[in-house]
Amino acid sequence: DRHYIVMEYVQGRSLREILDRESPLPLSRMLAISQQVGQALAYAHACQPCIVHRDIKPQNILIEDDTGRVVVMDFGIAKLLDTRQIQCTGNGIFIGTLTYGAPEQIRGDLTVDGRADIFSLGLVMYEMITGRGLFTGLTQQEIIARQLHGSKNHVLNLPSQVPAAFHKLVVKAVAKDQARRFATAGELLDAL
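**Q** Help me understand the overall build of the chain, please; the structure alone is not making it clear to me.
**A** Helix and strand counts for the chain stand at seven helices and five strands. Secondary structure of the chain in N-to-C order comes out as β-α-α-β-β-β-β-α-α-α-α-α. Counting across all 192 residues of the chain, residues that qualify as buried make up 44%. Long-range pairs, those at least 24 residues apart, make up 66% of the contacts in the chain between residues at least 6 apart in sequence. Surface summary for the chain: the accessible area is close to 10,000 Å², and the carbon and sulfur share equals 52%.

Given below as structure tokens:
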């Protein structure tokens, strides 16, 4: 009586391994990876019931060795959204990785939907282009404080050569207010 997902074996390296060796990534490579992750999220979010990954981070993004194909993996804490809203994890419990979690995830809100994955992908894009995570060097308490009680929007220090349109895209993807983010992964893909 539980849903599960079986995935193929993919020979490759995680984006975390790649970033540890090669970051920051060139804009074209970052865009190619982001587009494929966005496509995977758009597919998951369009399923019936909708699947929200809830743990998009470099460790869960695999780049296939021979083809460069991007695979989103580890749907182990994914949330199924349907009319019954079955709660297996409980209200007020944080699920995910703190350094990539959306504010509504950190609060343990029941309103977590596909926009949380968009937020996380925005943080991954920021890391790919800057070579550092937005919350690098902060303690768990500092991350929580910045996410829930800090300024209205995150301050993003992107390299000067990054196009203004991409800067605007990342700002929208990581908006603290989920209503100000891209409404769907498809919208994010269009912007990419």
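**Q** What's the story with the sheet that holds strand S3 (residues 61-64) in this structure? I'm lost.
**A** Strand pairing in a sheet relies on backbone hydrogen bonds, with the paired strands running either antiparallel or parallel. One open sheet holds the three strands; their spatial order is S1-S3-S4, and the pairing between them is antiparallel. What marks the edges here is a single partner per strand, and that holds for strand S1 (12-14) and strand S4 (70-72). Going from strand to strand, the sheet's axes swing by 30° on average, the running direction of each strand aside. Alignment of S1 against S3, held across three bridges, turns out to be antiparallel. Counterpart to Gly12 in the pairing with S3 is Glu64. Packed on one face of the sheet, helix H2 (residues 27-46) meets S3 and S4 and runs near 40° to S4.

**Q** How should empty space enclosed by the protein be read in this particular structure?
**A** Rolling a probe over the atoms, with the probe sized like a water molecule, indicates the empty space that remains. Counted by the stated rule, this structure contains two cavities of 30 Å³ or more. The volume enclosed by the second largest cavity comes to roughly 30 Å³. Every residue lining the second largest cavity is listed: Asn153, His154, Leu156, Val171, Val174 and Ala175.

**Q** Even after reading the chapter, I still don't get the nonpolar core, so can you show me in this structure?
**A** Buried together is how nonpolar side chains tend to be arranged in soluble globular proteins. Counting 45 residues, the largest nonpolar core has Leu15, Ile33, Ile61, Met125 and Met128 as its most contacted members. In terms of residues, this core owes the most to one element, helix H4 (residues 114-130), which gives ten residues. When residues no more than four places from it in sequence are discounted, the contact partners of Ile33 are Leu15, Leu25, Ile61, Ile63, Val70 and Met128.

**Q** It is not clear to me how the packing of aromatic side chains should be interpreted in this structure. Could you clarify?
**A** Aromatic ring pairs are reported here in terms of the distance separating the ring centres and the angle at which the planes meet. Counted by the stated rule, this structure contains zero aromatic pairs. Geometry around Phe182 places Lys172 over its ring, the cationic atom sitting 4.8 Å from the centre.

Thresholds applied
Residues numbered from 1 in each chain as written. Predicted model: local features only at pLDDT ≥ 70, side-chain atom pairs only at ≥ 80, totals over all residues. Heavy atoms only, no water. Helix = DSSP H or I, 4+ residues; strand = E, 2+ residues; numbered from the N terminus. Buried < 20%, exposed > 50% of the residue type's maximum accessible area, 1.4 Å probe, protein only. Contact = heavy atoms within 4.5 Å. Areas by Shrake-Rupley, 256 points an atom, 1.4 Å probe, with all protein chains shown as cover. Pairing = 2+ DSSP bridges. Axes fitted to C-alpha atoms, helices over the stretch in contact; angles between N-to-C directions. 1 Å grid on protein atoms, 1.4 Å probe; cavity = no way out; pocket = protein on both sides within 12 Å on 5 of 7 lines; lining within 4 Å. Points joined across faces, edges and corners; volume = space filled by probe spheres on them. Core = buried A, V, L, I, M, F, W, Y, C linked by side-chain atoms within 4.5 Å. Phe/Tyr/Trp six-rings, centres within 6.5 Å; stacked < 30°, edge-to-face > 60°. Lys NZ or Arg CZ within 6 Å of the ring centre and 35° of its normal.

That's the geometry; what it means functionally is another story.
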